Amino acid sequence: MALVTSTEMFKKAYDGGYAIGAFNVNNMEIVQGITEACREEKAPVILQVSKGARAYANHTYLVKLVEAAVIECPEIPIVLHLDHGPDFETCKSCIDGGFTSVMIDASSKPFAENIEITKKVVEYAHDHGVVVEAELGTLAGIEDDVKVAAHAASYTRPEEVEEFVAKTGCDSLAIAIGTSHGAYKFTAAQCTRNEKGILVPPPLRFDVLEEVSKRLPGFPIVLHGSSSVPQNYVKMINENGGKMPDAVGIPEEQLRHAAELSVCKINIDSDLRLAMTGTVRQFFNEHPDKFDPREYLKPARANIKELVRHKLVDVLGCAGKA
Ligand code: G3H
Ligand code: 13P
Ligand code: ZN
């Protein structure tokens, strides 16, 4: 199967009460870990590339790695998506360069300007058979070089979504309901602590999601910043020379619930980074004499694969849906 757009995937996910996993890719091992899990679990998948990933690995390398995954995994549909496209030019470059989906993220701009930029990207993308994700509302956290402090984040205003979608023609909409980018999603002050002393974040605003869905029936909603920051990997990092105190993420049962509603795409990046970093740190601690990258990247890739499998089966509900 060649690369596909997310149109069919989202329709099935919406009707079936599950979500597609959108995982960020930056190198070969990450592409392999994700797609091997998806292939074995017969899950459709979105592989997404940020501006930072293109700067790190180069557009062509990433496209060719994803094309290799398409060849290796002919049974599953794969989308190649631009994550957080910052402007029209970046989106155009990805549309011209083989992507099947782009995100234009003008969410930090005033409403009218967000509409104007998004509409321009949609017109170009649709002319080229590519779909577009847009964003309304601002998430806290860090993506590429943009850092949004918690106090500057804002929930999506449901009363704006119909006008935004009607005027832009976007194919899916990322909304802000309390998720956040990175491994430190919430300050300790925003959380409570459970009996084990682990931080418990404030619950997602399902009331906002439900109001948006009511206003946009059948329309695919996207959640960014949806890593759960697995505490076993935070512990592995901290026990092997790392220092990540109070890293906390979105509880998986809340993501599962969102997937049952109108959320069709759930973005997960930080969890994979934690799995890779924890595994490599532990490897070096246990084998200080080793220096062959294949030896430490192999278990890192295997742990990414198992983490992705867990997400597909237990969180997203998309296993067996390819
Ligand atoms: O939301 C951002 C993604 O986690 C990508 O991160 O910008 O560091 O590549 P990056
Ligand atoms: P996390 O940092 O929670 O993994 O979010 C990733 C994301 O939203 C990519 O766009
Ligand atoms: Zn994001």
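Residues numbered from 1 in each chain as written. Chains lettered and ligands numbered in written order. Predicted model: local features only at pLDDT ≥ 70, side-chain atom pairs only at ≥ 80, totals over all residues. Heavy atoms only, no water.

Enquirer: Got a sec to walk through the sheet that holds strand β3 (residues 78–85)? Specific residues and values, please.
Expert: To summarise the sheet geometry, strands pair through backbone hydrogen bonds and adopt either a parallel or an antiparallel arrangement. Strand order around the closed barrel formed by 8 strands is β1-β2-β3-β4-β5-β8-β11-β12, with parallel pairing between neighbours. The mean inter-strand angle of the sheet, taken between neighbouring strand axes irrespective of direction, is 25 degrees. In this structure, strand β1 (residues 20–24) lies alongside strand β2 (residues 45–50), joined through 4 bridges in parallel fashion. Note on β2: the bridge partner recorded for Ala22 is Ile46. Against the sheet, helix α5 (residues 88–96) touches β3 and β4 (101–104), its axis set at about 175 degrees to β4. (Pairing = 2+ DSSP bridges. Helix = DSSP H or I, 4+ residues; strand = E, 2+ residues; numbered from the N terminus. Axes fitted to C-alpha atoms, helices over the stretch in contact; angles between N-to-C directions. Contact = heavy atoms within 4.5 Å.)

Enquirer: Give me the lowdown on the packing of aromatic side chains, citing residues and values where you can.
Expert: Pairs of aromatic rings are described using the distance from one ring centre to the other and the angle between the two planes. Counted by the stated rule, this structure contains 5 aromatic pairs. On the numbers, 5.8 Å between centres and 80 degrees between planes, the contact of Phe88 with Tyr124 is edge-to-face. Taken as a pair, Phe88 in helix α5 and Tyr124 in helix α6 (residues 111–127) lie far apart in primary sequence, 36 residues in all. Using a relative accessible area of 15% as the deciding quantity, one classes Phe88 as buried. Take Tyr124: its relative accessible area is 19%, and that puts it in the buried class. When the ring of Phe284 is compared with that of Tyr296, the centres are 4.7 Å apart and the planes differ by 55 degrees; the resulting orientation is tilted. (Phe/Tyr/Trp six-rings, centres within 6.5 Å; stacked < 30°, edge-to-face > 60°. Buried < 20%, exposed > 50% of the residue type's maximum accessible area, 1.4 Å probe, protein only.)

Enquirer: Describe the site of ligand 2, naming the residues involved and giving the relevant values.
Expert: Lining the immediate environment of ligand 2, one finds 16 residues, of which Asp83, Lys185, Ser227, Asp269 and Ser270 sit closest. Residue Asp83 places a side-chain N or O atom 2.7 Å away from an oxygen atom belonging to ligand 2. At 2.8 Å from an oxygen atom of ligand 2 is found a main-chain nitrogen or oxygen belonging to Gly182. Bound to the protein, ligand 2 loses 96% of the 310 Å² it would expose on its own. Secondary structure elements with two or more residues in the shell around ligand 2: β3 and β12 (263–268). (Near = heavy atom within 4 Å. Polar contact = N/O pair within 3.5 Å; in protein donor to acceptor, adjacent residues only side chain to side chain. Areas by Shrake-Rupley, 256 points an atom, 1.4 Å probe, with all protein chains shown as cover.)

The analysis is restricted to geometry; functional conclusions fall outside its scope.
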